[in-house]
Every structure is written in structure tokens, then in C-alpha cells.
Amino acid sequence: MTTLASPAPFSSVSGEGVVTGAGARHIRVLLVEEHLLMRWALKALINQQSDMQVVAEAGDGDEALRAIRECSPDVVLTEIAIPGIDGLNLARTLAQISPRTGILFLTSWEDDTYLLEALRAGGRGFFLKKSAEPGLLMDGVRAVAQGRTYIQATAAGSLVRDFLQRSGSPLI
């Protein structure tokens, strides 16, 4: 476990997930966030869910790759701007080494280009930190774990604009 005094490069929970009373397997989540306080807050939120468990944490992309190989998460929840391998390159690498693992971006980068690049890199989810509602973020984790795509409504407008521009349709 990561501690305040001396955080480990990454911490993990071994095993194939925790089985709930109903026999369903928890969604195994890897948190990748440079800022320790943000990581702890996200971990608390995720571990409060009856169907999720944080199985590892990483403060940079290199640690995340090691954790992915060791823990086989269902979902990687990451920022785009992380030290080492950035979130976009992490997604590209993840598609090669663990194609079943979904990646969900939770980022402070608001430029439309990042949403499009995140999806092109293999991301299945996208949320902006400044406006992500906790319940919807957890719905996003669930959707990504099921292989679906989930984009926060406030960020989705850029996808629509990009599609309309490419198709030659008038902008809304």
C-alpha cells in the first residue's frame, strides 16, 4: 500500500479479483495519477463501489506498464499528462500488450485535440477533471470494463464537431 511518508513506486493487490456475495467478480482498476492526493481520493471513491477494486496505483507511465503486467487490470484510469510514458502512449502500448484492458482518461487537458487523440490511441473513456461527477465517472469505469465507450457529455461536443467537419455537414 502507498503510504504518506514513503510512497512505493506502485502498490498492488494480487489475485484475480474479489468475489462479491452474489459471486460476481469486481472490476479491477489500475489508477495512474502523478498527484498522490488525487490518487488517494480516486482510490477511496472506487473502493466504495460494491463492484470495483483498485488493484494497483502508479505515479507515472513506466510504473503503470509494470503494474499492468503484474495485475492484469480490467480498466486503467489515467491522466494524459503523466511523467515517463504519457497517457496517450500508455494507451497505444496497452492495446498491444493487454488488448482486453480498457483505458479511461480523467484529465485536466481541455483542448478538443486531446479527446480525439485519446480515442485514436485506444481510449474507451474520457472525462475532464474539472467537471467529472463521481457517479458518472464510476458509470464510465463500468462501461469501459464491459468494452463500451463512455465520454463525458461536456467533452463529447468536440467529437460531434469533428465528425460534422469531416463529413462536410453544417455545424450545429
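Everything discussed here concerns the structure shown above.
Residues numbered from 1 in each chain as written. Predicted model: local features only at pLDDT ≥ 70, side-chain atom pairs only at ≥ 80, totals over all residues. Heavy atoms only, no water.

**With respect to unusual backbone geometry**
And step 1. The phi angle at serine 72 is positive, at roughly 45°, despite the residue not being glycine.
And step 2. By secondary structure assignment, the location of serine 72 is in the loop between α2 (61-71) and β4 (75-78).
And step 3. Looking at serine 72, the relative accessible area reads 45%, which means it is partly exposed. (Helix = DSSP H or I, 4+ residues; strand = E, 2+ residues; numbered from the N terminus. Buried < 20%, exposed > 50% of the residue type's maximum accessible area, 1.4 Å probe, protein only.)

**Side note on helix α1 (residues 36-47)**
Residues spaced three or four apart along an α-helix face the same direction, because each turn holds 3.6 residues.
And step 1. For α1, built from twelve residues, the straight-helix expectation of 16 Å at 1.5 Å per residue is met to within 8% by its first-to-last C-alpha distance of 16 Å.
And step 2. Within α1, the full set of buried residues consists of Leu36, Arg39, Leu42, Lys43, Leu45 and Ile46. (Expected span 1.5 Å × (residues − 1).)

**A closer look at the pairing of strand β6 (residues 125-128)**
And step 1. Residues Gly125 and Phe127 of β6 are buried on one face, and the alternating residues Phe126 and Leu128, pointing to the opposite face, are buried as well.
And step 2. Relative to β6, strand β5 (residues 102-107) is paired through four bridges, and the arrangement is parallel. Of the residues in β6, the one forming a bridge with threonine 107 is leucine 128.
And step 3. Between the parallel pair β5 and β6, the chain is carried across by helix α4 (residues 112-120), and the sense of this crossover is right-handed. (Pairing = 2+ DSSP bridges. Right-handed = clockwise from strand over helix to strand, strands pointing away.)

**Side note on the packing of aromatic side chains**
Centre distance and the angle of the planes are the two values used to describe a pair of aromatic rings.
And step 1. Throughout the structure, instances matching the rule amount to two aromatic pairs.
And step 2. Consider the rings of tryptophan 109 and tyrosine 114, whose centres lie 4.6 Å apart with planes at 65°: the pair is edge-to-face.
And step 3. Ring geometry for phenylalanine 127 and tyrosine 150: centres 5.6 Å apart, planes at 10°, overall stacked. With phenylalanine 127 in strand β6 and tyrosine 150 in strand β7 (residues 150-151), this pair connects stretches of sequence that are 23 residues apart. (Phe/Tyr/Trp six-rings, centres within 6.5 Å; stacked < 30°, edge-to-face > 60°.)

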